[in-house]
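Listed below are the residues making up each chain.
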Amino acid sequence: MTWNETHARTAIFREVEATAAADMSGALPWREEWAQYFGCPENLLKALRARWNHMCEAQLDIRSGEDVLHDTYQQLRRTQAGVLAILKKASESPVEAGARVLALTGASRVAEPVKGRVRRYRGGPVFR
């Protein structure tokens with residue numbers, strides 16, 4: 001995955017989080033432009049689940065004490081409430097079984113990816 005693709009995927013995650021926070025119905029936001037990064041809504045859902053797990057692993061430290069751990073976990077749940085609603089809804093009825101997908105229309109805020117790595121070497125180093 002190139003840096004451009006990584007940044008585009010991160011922008012998609014942020015857009016999904018913002019849409020989910022505004023909607024809170026548990027519907028998975030989806031744009032057809034995102035298919036080049038995730039393939040289908042089910043893969044986006046898997047990526048959201050993996051992102052949640054990584055966030056928990058990165059931010060929750062059992063050595064910090066029970067109170068701090070609980071407070072941090074509650075803060076994570078508050079800031080990611082929309083995404084957690086999507087994950088909960090998906091666990092009840094998987095996307096491939098017809099879970100609700102919120103089709104977003106209009107221009108995406110995600111930049112178009114570079115179609116491939118193009119390396120152009122024009123000459124070598126110049127020694128003077």
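Placed above this text is the structure.
So, here is what we can say about the structure in this document. (Residues numbered from 1 in each chain as written. Predicted model: local features only at pLDDT ≥ 70, side-chain atom pairs only at ≥ 80, totals over all residues. Heavy atoms only, no water.)

1. Some details on the nonpolar core
Among the nonpolar cores identified, the biggest contains 23 residues, and F38, L44 and L48 are the most heavily contacted of them. When residues of this core are traced back to their parent elements, those giving at least two are α1 (3-23), β1 (28-30), α2 (35-38), α3 (41-59) and α5 (81-92). No other element matches the 7 residues that α3 contributes to this core. Once residues lying within four places of it in the same chain are set aside, the contact partners of L44 are I12, F13, V16, L28, P29, W30, W34 and F38. (Core = buried A, V, L, I, M, F, W, Y, C linked by side-chain atoms within 4.5 Å. Buried < 20%, exposed > 50% of the residue type's maximum accessible area, 1.4 Å probe, protein only. Helix = DSSP H or I, 4+ residues; strand = E, 2+ residues; numbered from the N terminus. Contact = heavy atoms within 4.5 Å.)

2. Comments concerning α3
With 19 residues, α3 extends 27 Å between its outermost C-alpha atoms, agreeing within 8% with the 27 Å of an ideal straight helix rising 1.5 Å per residue. Looking only at α3, the buried set comprises P41, L44, L45, A47, L48, W52, M55 and C56. (Expected span 1.5 Å × (residues − 1).)

3. Some thoughts on the packing of α3 against α5
Where α3 contacts α5, the two axes come as close as 10 Å, and the packing angle between them is 125 degrees. Accordingly, the angle class assigned to the pair α3 and α5 is oblique. Handedness of the α3/α5 crossing: left-handed. Contact residues: α3 offers L45, L48, R49 and W52, while α5 offers V83, L84, I86, L87 and A90. Class assignment for the residues of the contact of α3 with α5 results in 8 nonpolar, no polar and 1 charged. (Axes fitted to C-alpha atoms, helices over the stretch in contact; angles between N-to-C directions. Parallel < 35°, antiparallel > 145°, perpendicular 65-115°, else oblique. Left-handed = near helix turned anticlockwise from the far one by under 90°. Nonpolar A, V, L, I, M, F, W, Y, C, P; charged D, E, K, R; others polar.)

Keep in mind that these numbers describe shape and distance, not what the molecule does.
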